[in-house]
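Each chain, letter by letter, is given below.
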Amino acid sequence: MDYEKILRRCNELMWSTSLDEIDNFLPELMWAYDMLDLDNTREIDWYELCRDNEYIRMSNEKADTKKTDKLIDAETRKIAKEKYPLMNEHKCIARHLNMYINQLESRKIKLMSDRKQWDLSFN
């Protein structure tokens, strides 16, 4: 999924005065957020499992290598990070998508309110 394109579209819609454009895009945005959030949850689980497995392996070799627990912890974090390099980026994108969902829903409410006030002023 092209998250950069979705984020760009969200930013454009923040300036839109079309309720229909916002209304039509919100389901796509929510779906993208849900999919990314689900993928990120899986990445975090795999990252943690990788760290745990590496920690156990290195702890078993601890006597031979003379590594401290602190060094083992740092190395396992590095190994897991190399296997799952996009985890933090995906977390950040998910936060932004969630922020845009909230902002676009607020924008939609404001536009609806403005339209209603405009209609009332001419009646």
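It should be noted that the structure appears before, not after, this text.
Remember, it's a predicted structure, so these values are computed and weren't measured experimentally.

Caption draft 1: Up close: the overall build of the protein chain. The helix and strand inventory of the protein chain stands at five helices and zero strands. Mapped in sequence order, the helices and strands of the protein chain form the string α-α-α-α-α. Relative to the globule expectation of 14 Å for 123 residues, the C-alpha radius of gyration of the protein chain, 23 Å, shows a markedly less compact shape. C-alpha extents for the protein chain along the principal axes are approximately 85 × 25 × 15 Å. The buried share of the protein chain, taken over its 123 residues, is 27%. Residue pairs in contact within the protein chain that sit at least 24 positions apart in sequence constitute 76% of those at least 6 positions apart. Summed over all atoms, the accessible surface of the protein chain reaches about 8700 Å², with 54% contributed by carbon and sulfur.

Caption draft 2: View of helix H2 (residues 19–60). Here H2 contains 42 residues, and its C-alpha end-to-end distance of 61 Å stays within 8% of the 62 Å for a straight helix at 1.5 Å per residue. At leucine 26, H2 shows its maximal kink, close to 30 degrees; a proline, proline 27, follows between one and four residues later.

Caption draft 3: Layout of the nonpolar core. Ranked by size, the top nonpolar core spans 19 residues in total, and within it Tyr3, Ile6, Cys10, Phe25, Leu29, Leu97 and Leu104 carry the most contacts. If sequence neighbours within four positions are ignored, isoleucine 6 has contacts with Met1, Phe25, Leu29, Ala32 and Leu97.

Caption draft 4: Main features of the state of the cysteines. Across all of its chains, the model carries zero disulfides by this definition. We note that cysteine 10 lacks a disulfide partner, and the nearest cysteine sulfur, in cysteine 92, lies 13 Å from it.

Caption draft 5: Looking closely at the packing of aromatic side chains. Summed over all chains, the structure comprises zero aromatic pairs. Across the ring face of phenylalanine 25, the terminal group of arginine 9 is positioned such that the distance to the ring centre comes to 5.9 Å.

Caption draft 6: How the structure looks around the pattern of salt bridges. All chains considered together, the criterion is met by 10 salt bridges. Through salt bridges with shared partners, a single ionic network connects Arg51, Asp73 and Arg77.

Caption draft 7: Structural detail: helix H4 (residues 69–83). An ideal rise of 1.5 Å per residue puts 21 Å on 15 residues; H4 measures up with 21 Å between its terminal C-alpha atoms. Within the span of H4, buried status applies to Ile72, Thr76 and Ala80. What you see down the axis of H4 is that its buried residues fit within an arc of 65 degrees, all on one side. More than 90 degrees from the buried face of H4, the exposed residues found are Lys70, Lys78 and Glu82. Considering only its buried residues, H4 is in contact with H2 and helix H3 (62–65).

About the criteria used
Residues numbered from 1 in each chain as written. Predicted model: local features only at pLDDT ≥ 70, side-chain atom pairs only at ≥ 80, totals over all residues. Heavy atoms only, no water. Helix = DSSP H or I, 4+ residues; strand = E, 2+ residues; numbered from the N terminus. Rg over C-alpha atoms; globule rule 2.2 N^0.38 Å. Buried < 20%, exposed > 50% of the residue type's maximum accessible area, 1.4 Å probe, protein only. Contact = heavy atoms within 4.5 Å. Areas by Shrake-Rupley, 256 points an atom, 1.4 Å probe, with all protein chains shown as cover. Expected span 1.5 Å × (residues − 1). Bend = angle between axes of the 7 residues up to and from the residue. Core = buried A, V, L, I, M, F, W, Y, C linked by side-chain atoms within 4.5 Å. Disulfide = S-S within 2.5 Å. Phe/Tyr/Trp six-rings, centres within 6.5 Å; stacked < 30°, edge-to-face > 60°. Lys NZ or Arg CZ within 6 Å of the ring centre and 35° of its normal. Salt bridge = Lys/Arg side-chain N within 4 Å of Asp/Glu carboxyl O. Arc of directions from axis to C-beta.

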